[in-house]
Amino acid sequence: MPETEYSVILHDVVQSFRRIKERPDTLREVFARIRHRHKRYEDFEAVKNVSFAISRGEMVGLIGRNGSGKSTLLKIIAGVYSPTSGEVIVNGTIAPLIELGAGFHHELTGRENILLNGLLLGLTKREVREREARIIEFAELGDFIDSPIKQYSSGMYMRLAFSVAIEVEPDILIIDEILGVGDVGFQQKSFERIQQFRDAGKTIVFVSHAMENVRNLCDRALLLHNGRLVQDGTPSDVIARYRELLGQRVAEPARR
Amino acid sequence: MIEFVRECYRYRELIWALAMKELRVRYKRSVLGFIWALLNPALLMLVLTLVFGALMRFSVPHYSIFLLSMLLPWTFFSQSLSYSVESIVSNGELLKKVRVARLIFPVAALVSNIINFLLSMIPLFLLVIGLRFPVHWTWIYLPIPMLGLFLFTLGVAFFLATANVFYRDVSHIIQVVLSAWFYFCPIIYSLDFVPARYRWFFRLNPLVYVLNGFRLSIYYGLLPSWQSAVLSLASGVGALALGFAVFRRYEKSFVYYV
């Protein structure tokens with residue numbers, strides 16, 4: 001199969017971090033460390049030898065407990081981290097809806113932030129201008145668009161951030177647990193937008209703890225546990241396995 | 001180097017937007033807004049002219065222009081560094097969230113300071129006219145020392161921004177280094193006042209060549225010797241090549257340390 005049929009390919013990817021026990025932030029600490037020769041950090045692998053391929057147009061759910069490596073994996077796909085070893089191939093543009101509002105500045109107005117955020121997500125100035133009206137409409141901001149965003153309510157802030165990211169119209173959309181943005185009406189609208197996106201044949205990687213969303217939306221699910229990919233299959237199978245894992249955790253204290 | 005130019009061109013809109021953001025944030029919520037970029041150097045010049053014109057008299061005629069011709073580029077240099085040394089660390093949250101070319105941050109910090117610097121040349125020009133000081137034709141030579149200054153500053157900025165990611169001490173140390181460096185540049189005095197046997201020391205300071213072009217063309221109305229012009233551009237290009245190489249070498253690990 002030609003590679004272009006895949007949007008994302010990960011091959012034997014390892015991401016290790018230096019977990020700092022005490023951080024040598026200053027030179028004094030560096031000198032102290034040289035004198036005493038003690039190790040202040042240890043390496044730990046957040047993602048261990050993960051391989052998978054996501055086809056174009058697939059919607060894949062990534063599930064697992066807290067700290068299982070889901071967000072790290074998303075950041076690897078988004079290109080924020082360069083993995084310690086292994087290979088990552090991404091075909092197409094990516095918009096990460098990982099943490100919304102990256103690069104928003106509180107003193108700037110909504111409109112100014114749309115431009116800045118859009119440019120950061122890889123659009124050109126012209127593309128941002130073309131999308132501006134749609135972004136403002138989708139975010140339901142009305143007159144507030146020309147006020148500094150520090151005056152926004154947290155809901156308005158998140159709606160604006162979500163709207164910018166979704167209107168970037170990337171080939172690959174990465175979503176990290178953000179469907180809780182805004183009120184019920186806005187959530188519904190976001191949901192519909194994501195479904196439109198899927199119907200348009202775009203690839204979506206989706207992290208969620210809400211199993212019904214994974215079951216209803218995704219074509220396929222991946223289960224991560226302690227940094228390893230433990231199951232890859234249909235959402236219902238993978239969710240069942242995840243429930244087993246959760247059950248074990250609940251049972252653990254009883255066994256001790 | 002080619003890589004550097006290509007990336008700057010590719011991200012020109014983003015760099016510009018970030019630079020404008022920095023300026024806008026700097027002057028936001030002040031009544032006079034952008035006018036401060038002109039007013040600030042103008043008021044400084046007024047103070048200096050009064051102090052050195054009326055209170056303290058030096059053997060240097062029109063000392064205020066003598067001083068400002070170098071003080072303004074110096075202020076640009078030191079302010080740009082104070083800004084850009086933090087440019088990666090202060091955008092750390094952003095680096096952790098989206099994939100973005102890291103070089104845009106130091107470059108945008110520089111661009112915003114360039115705009116400030118160019119604006120500050122306007123009151124200087126007005127002062128020259130106001131004091132009936134001759135406006136030398138050599139003003140048109142200024143783009144050359146400016147280019148040298150901008151490249152040199154950016155090179156140092158790349159280096160400092162990188163170092164500051166790993167050791168936050170850098171942003172404190174640089175303040176001390178800058179204030180010492182200030183006195184080792186012939187800004188408030190002339191190199192002629194320095195005994196001949198110490199002058200070799202000043203020749204080691206690449207910034208002297210860069211700054212000298214400003215004073216020669218604004219104050220003396222002379223062009224620098226071609227050697228000194230070449231040296232000032234060469235120190236700019238050299239500093240940038242070196243600083244950018246260091247930045248490139250470490251930029252991938254920034255995200256783990258910010």
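Thresholds applied
Residues numbered from 1 in each chain as written. Chains lettered and ligands numbered in written order. Predicted model: local features only at pLDDT ≥ 70, side-chain atom pairs only at ≥ 80, totals over all residues. Helix = DSSP H or I, 4+ residues; strand = E, 2+ residues; numbered from the N terminus. Rg over C-alpha atoms; globule rule 2.2 N^0.38 Å. Buried ≥ 20, exposed ≤ 12 C-beta atoms within 10 Å, placed from the backbone. Contact = placed C-beta atoms within 7 Å. Pairing = 2+ DSSP bridges. Axes fitted to C-alpha atoms, helices over the stretch in contact; angles between N-to-C directions. pLDDT = per-residue confidence, 0-100. Nonpolar A, V, L, I, M, F, W, Y, C, P; charged D, E, K, R; others polar. Core = buried A, V, L, I, M, F, W, Y, C linked by C-beta atoms within 7 Å.

1. Considering the overall build of chain B
Then step 1. When helices and strands are counted, chain B shows 13 helices and zero strands.
Then step 2. Listed by position from the N terminus, the elements making up chain B come as α-α-α-α-α-α-α-α-α-α-α-α-α.
Then step 3. By the compact-globule yardstick of 18 Å for 258 residues, chain B fits well, its C-alpha radius of gyration being 19 Å.
Then step 4. C-alpha atoms of chain B, sized along the principal axes, occupy 55 × 50 × 30 Å.
Then step 5. Across the 258 residues of chain B, 41% fall into the buried class.
Then step 6. When contacts within chain B are restricted to residue pairs at least 6 apart in sequence, long-range pairs at least 24 apart make up 78% of them.

2. Re the overall build of chain A
Then step 1. Each helix and strand in chain A was counted, giving eight helices and nine strands.
Then step 2. Across the 256 residues in chain A, those meeting the buried criterion constitute 39%.
Then step 3. Here the analysis covers contacts within chain A between residues at least 6 apart in sequence; of these, 72% occur between residues at least 24 apart.

3. Quick look at the sheet that holds strand β7 (residues 203–207) of chain A
Residues and elements named next belong to chain A.
Then step 1. Taken in spatial order, the six strands line up as β5-β6-β7-β3-β8-β9 in an open sheet, and their pairing is mixed. Two strands in the sheet have a free side with no partner beyond their single neighbour: β5 (94–97) and β9 (228–233). Between one strand axis and the next, the sheet turns by 15° as a mean value, whatever way the strands run.
Then step 2. Here four bridges tie strand β3 (residues 59–64) to β7, and the two strands are oriented parallel to one another. The residue of β7 that forms the bridge with Gly61 is Phe206.

4. Concerning the confidence of the model for chain B
Then step 1. Taken residue by residue, chain B gives an average pLDDT of 90. The fraction at 70 or more is 100%.
Then step 2. Two numbers describe this predicted complex: its pTM, 0.87, and its ipTM, 0.81.

5. As for the interface of chain A and chain B
Then step 1. If you look at the interface, chain A gives 25 residues, while chain B gives 19 residues.
Then step 2. Taken together, the elements giving at least two residues each to the side of chain A that touches chain B come down to β1 (6–20) and α3 (110–120) of chain A.
Then step 3. Per-element accounting of the side of chain A that touches chain B gives the leading share, four residues, to α3(A).
Then step 4. Grouping the constituent residues of the side of chain A that touches chain B by class yields 14 nonpolar, six polar and five charged.

6. Side note on the nonpolar core
Then step 1. In this structure, A:Ala165, A:Ile174, A:Phe206, B:Ile104 and B:Leu160 are the most contacted members of the largest nonpolar core, which totals 137 residues.
Then step 2. Non-local contacts of A:Ala165, meaning those with residues more than four positions away in its chain, are made with A:Ala95, A:Leu97, A:Leu100 and A:Leu121.

7. Some points on the pairing of β7(A)
Residue and element names in this part refer to chain A.
Then step 1. Most of β7 is tucked away: five of the five residues are buried.
Then step 2. Of the two faces of β7, the one lined by Thr203, Val205 and Val207 and the one lined by Ile204 and Phe206 are each fully buried.
Then step 3. Note: strand β6 (residues 172–176) against β7, five bridges, orientation parallel. Its bridge partner lying in β7, Ile174 is registered against Val205.

8. Some points on unusual backbone geometry
Backbone geometry follows two general trends: most residues other than glycine have a negative phi, and most peptide bonds adopt the trans configuration.
All names here are of chain A.
Then step 1. Of note in the backbone geometry, Asn49 takes a positive phi value of approximately 45° without being a glycine.
Then step 2. Within the secondary structure layout, Asn49 lies in strand β2 (residues 41–55).
Then step 3. Residue classification places Asn49 among the partly exposed residues on the basis of 14 C-beta atoms within 10 Å.
Then step 4. Not every positive phi belongs to a glycine, and Glu169 is a case in point at roughly 50°.
Then step 5. Checked against the element boundaries, Glu169 lands in the loop between α5 (154–167) and β6.

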